[in-house]
Structure formats: structure tokens, C-alpha cells
Amino acid sequence: MRLRAEYGAGPDLRFLSNLDMMKLMARALRRAEIPFALSEGFNPHIRLSLGTVLPVGLWSKCEYFDLELEQEISCSEFIERMNLSLPPDVQITECLEIDATIPALMNSINCACYSFVVHKSMEEIEQWKDNILHRKELTVKSRGKKKDLDKNLRPGIFKIEVNRWQNFAIIDIWGSVGEPVNVRYDELMELLVLTGINKEDILDVYRSGNYIRVKDNFFTPLEKVK
């Protein structure tokens, strides 16, 4: 049996590494007495795979993992038992049984949405958004393997939305994961600063979603397998 689960990783856990999150989930699976499957070999490990790596320093509303089980268990029971064993800032929100042939999360997710809470008026941010979307090039210094090389983010920015939260604006940016260009949150942060938003006005940044993009449509990893 194979499960795909959606969970949130709250602000108090923003400095956990991907390895730390794997260990946290493994401990919760054992405490919850989930009948997980183990790999073969001299050093067996839980057949658990997380989605795209959540950068250290960010919290997230929607992350995903796949898990293989040795025995069947209902999704509702899995969620209940896991949430009793997980810390309050990590809670599973949804779960589905998926077919063994479904591609792994790392091979499926090709888009992520990063959200920036900004101390600016909606009118200012709407004008900023229109300016950004009309540009053919949005060049920043790469923060990836090819560090400090000029990198044009424009081909990898699919969509931008602006929403109000209390007296602040939230900028949601959907960017590519991998191809045509890998868009990192820290590169988006630099882009905001280079295009007129003061760094001190950016109050928070988090990942609000991971998606499987098909043409102009965005599906969550759960929506795609329902």
C-alpha cells in the first residue's frame, strides 16, 4: 500500500533541514505505530520520500510525502494517529492512497508558490506586479550552483497574485522548479528588492504550495492523483 500525504510545517520549524524533517517524520511514524515498509539491504530505512526540499529559513503551508506500508490502514486513521504523534507545528491535513505506478514527488513537482508578506499598500503592489509581468527579462545573481552568474528569472515566473492580509499585501509568485529555469525563493527576494520593494518592508516569506503544472493549469500532487 502506498500513501501520499499533505502537511504543513509552521513558522517555529522554519530552521529544520530536509534531513531533520525526515528524522521527525520517521520518529512520528514509529510512535504512531504505523505499519511502514522498510527497504532491503544491510541498512534498511523507512520507505518514505519527501517532496521538493523546503529551504532552511522558510515555513510552509503545503508540503508532501509518499509512504509505503506493509499493511493496509485507512487514510483517516493514518492522519489521526500521525497528528497525535507529530508536534503542533507539523500536522497532516490530507491523505490519499495512490497507485504504485504514480511517479515520485521529486519527479512530478515542477512549480512552487512562494509568498511574501509586504508592508506596502495594495495599490503600490498591484502597480509593481503589472510592471514585473510586462518585462521580458528579470535578471538577478544566481544563488544556486552557478553562484553570482546573471540569471533571468522571467521564463520561470508563471503567475503573480496580490492579496490583502490585515494591513499588509501578500505577493504570491508561482515559479518553476527545474525547467525552464529553477526559481529560488532567495532569488525572488533579491528581485523584489531590485525592483523597488525595500528589504525591511518584507516581513515574512513562506512556501504556500507545490504544484504539478500542466500548460497553464496548476494541480497539487494530491489533485493530480485523485
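It should be noted that the structure appears before, not after, this text.
These lines cover the structure that appears in this document, whether it is placed above or below. These numbers come from a predicted model, not from an experiment.

What about unusual backbone geometry?
A cis amide bond links E179 to the next residue, P180, at an omega of 0°. Position of P180 relative to the elements: it lies in the loop between β9 (168–176) and α5 (185–194). One non-glycine residue, E33, lies in positive phi territory at about 55°. Turning to its location among the elements, E33 is positioned in the loop between α1 (18–31) and β2 (48–50). Not every positive phi belongs to a glycine, and Q166 is a case in point at roughly 55°. With respect to the helices and strands, the residue Q166 is situated in the loop between β8 (157–165) and β9.

Points about the nonpolar core
F65, L67, F78, M82, F116 and I171 are the most contacted members of the largest nonpolar core, which totals 58 residues. In terms of residue count, the dominant contributor to this core is α1 (six residues). Sequence-distant contacts of M82, defined by excluding residues within four places in its chain, comprise M25, A28, L29, A32, I34 and I92.

Digging into the environment of I132
Counting through the fold element by element, I132 comes out in helix α4 (residues 122–133). Of the residues examined, I132 reaches a relative accessible area of 1% and is grouped as buried. I132 has contacts with L138, R154, I160 and T195, leaving out every residue within four places of it along the chain.

A short note on the packing of aromatic side chains
This structure, assessed with the given rule, holds nine aromatic pairs. A centroid spacing of 6.4 Å and a plane angle of 65° characterise the contact between F65 and F78, whose relative ring orientation is edge-to-face. Placement of the pair is F65 in strand β3 (residues 59–68) and F78 in helix α2 (residues 75–85), with a sequence separation of 13 residues. Both residues of the pair, F65 and F78, count as buried.

A word on α5
A large share of α5 lies buried, amounting to eight of its ten residues. Of all the residues in α5, the buried ones are Y185, D186, E187, L188, M189, E190, L191 and L192. Just beyond α5, the residue with positive phi is G196, at close to 110°.

Side note on the pattern of salt bridges
On inspection of all chains with the given rule, the structure shows 14 salt bridges. R143 serves as the salt-bridge partner of E190, at 3.5 Å between the closest nitrogen and oxygen. Of this pair, E190 sits in helix α5 while R143 sits in the loop between β6 (139–141) and β7 (150–152), and the two are 47 residues apart along the sequence. Among the charged side chains, a salt-bridge network with shared partners connects R2, R4 and D66.

Conventions and cut-offs
Residues numbered from 1 in each chain as written. Predicted model: local features only at pLDDT ≥ 70, side-chain atom pairs only at ≥ 80, totals over all residues. Heavy atoms only, no water. Helix = DSSP H or I, 4+ residues; strand = E, 2+ residues; numbered from the N terminus. Core = buried A, V, L, I, M, F, W, Y, C linked by side-chain atoms within 4.5 Å. Buried < 20%, exposed > 50% of the residue type's maximum accessible area, 1.4 Å probe, protein only. Contact = heavy atoms within 4.5 Å. Phe/Tyr/Trp six-rings, centres within 6.5 Å; stacked < 30°, edge-to-face > 60°. Salt bridge = Lys/Arg side-chain N within 4 Å of Asp/Glu carboxyl O.

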